[in-house]
Amino acid sequence: MIPRYQRALFYGLLASIVMMALFLFYERERVRKRWLATVDATPLVAPPHAHEISATLDLASDRDGTITAVQRQLALPDETSGGRRRFWGD
C-alpha cells in the first residue's frame, strides 16, 4: 500500500500542475487579446498623391528553386529627410 505522505504529495503535485495549466491558458489568452488590440492599423493602399517608382524585385520560388526578376510600381513618401524613425515598441 502507498504511504499517506506519498499520496498527499502526489495529489498536491497534481493540483499544482492543473493550476499552472489553467494559469498559463489564462495568460496566453490575455496576451493574445492584448496583441490583437495593438495590430498596426496602417492603410494598405498608398495615398493618391504618393510618388511611384518602378523597382525590380527578385522573387524566389520554393516550388522549382528559381529566382525571377519582376517589375513593380512602388509608392514612396515624398519626405526624404533623415528624421527619427519610429520602431515598434518606442
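Residues numbered from 1 in each chain as written. Predicted model: local features only at pLDDT ≥ 70, side-chain atom pairs only at ≥ 80, totals over all residues. Heavy atoms only, no water.

## A word on the overall build of the protein chain
A tally of helices and strands in the protein chain yields one helix and two strands. Along the protein chain, from the amino end to the carboxyl end, the secondary structure elements read α-β-β. Taking as baseline every contact in the protein chain between residues at least 6 positions apart, the subset at least 24 positions apart corresponds to 17%. For the protein chain, the accessible area works out to roughly 9,200 Å², and carbon and sulfur atoms hold 62% of it. (Helix = DSSP H or I, 4+ residues; strand = E, 2+ residues; numbered from the N terminus. Contact = heavy atoms within 4.5 Å. Areas by Shrake-Rupley, 256 points an atom, 1.4 Å probe, with all protein chains shown as cover.)

## With respect to the pattern of salt bridges
Once the charged atoms of two side chains with opposite charge are near each other, the side chains can pair. Within the structure shown, the criterion is met by three salt bridges. For Glu-29, the salt bridge is made with Arg-28, and the minimal N-O distance between the two is 3.1 Å. With relative accessibility at 21%, the residue Glu-29 sits in the partly exposed group. In this structure, the salt-bridge partner of Arg-32 is Glu-29, at a minimum N-O distance of 3.9 Å. Of this pair, Arg-32 and Glu-29 both sit in helix α1 (residues 4–37), separated by three residues, roughly a single helical turn. A single salt-bridge network, built from bridges that share partners, covers Arg-28, Glu-29 and Arg-32. (Salt bridge = Lys/Arg side-chain N within 4 Å of Asp/Glu carboxyl O. Buried < 20%, exposed > 50% of the residue type's maximum accessible area, 1.4 Å probe, protein only.)

## Section: the UniProt feature "transmembrane region" (unreviewed entry) in the protein chain
According to UniProt, the feature "transmembrane region" (unreviewed entry) maps to residues 6–26 in the numbering used here. Within the segment residues 6–26, helix and strand shares are 100% and 0% respectively, and the terminal C-alpha atoms sit 30 Å apart. (UniProt positions renumbered as here; feature names shortened; annotations may be inferred.)

## Focus: the environment of Ala-50
Inspection of the secondary structure puts Ala-50 in the loop between α1 and β1 (51–61). In contact with Ala-50, other than residues within four places in its own chain, are Ala-75 and Leu-76.

## What about the pairing of strand β2 (residues 66–76)?
Pairing of β1 with β2 involves 11 bridges; the strand directions are antiparallel. By the bridge assignment, Ile-53 is partnered in β2 with Leu-74. Taking the residues that link successive antiparallel strands as the turn, the β1-β2 hairpin has four residues, and the phi of Gly-65 there is positive, at about 70°. (Pairing = 2+ DSSP bridges.)

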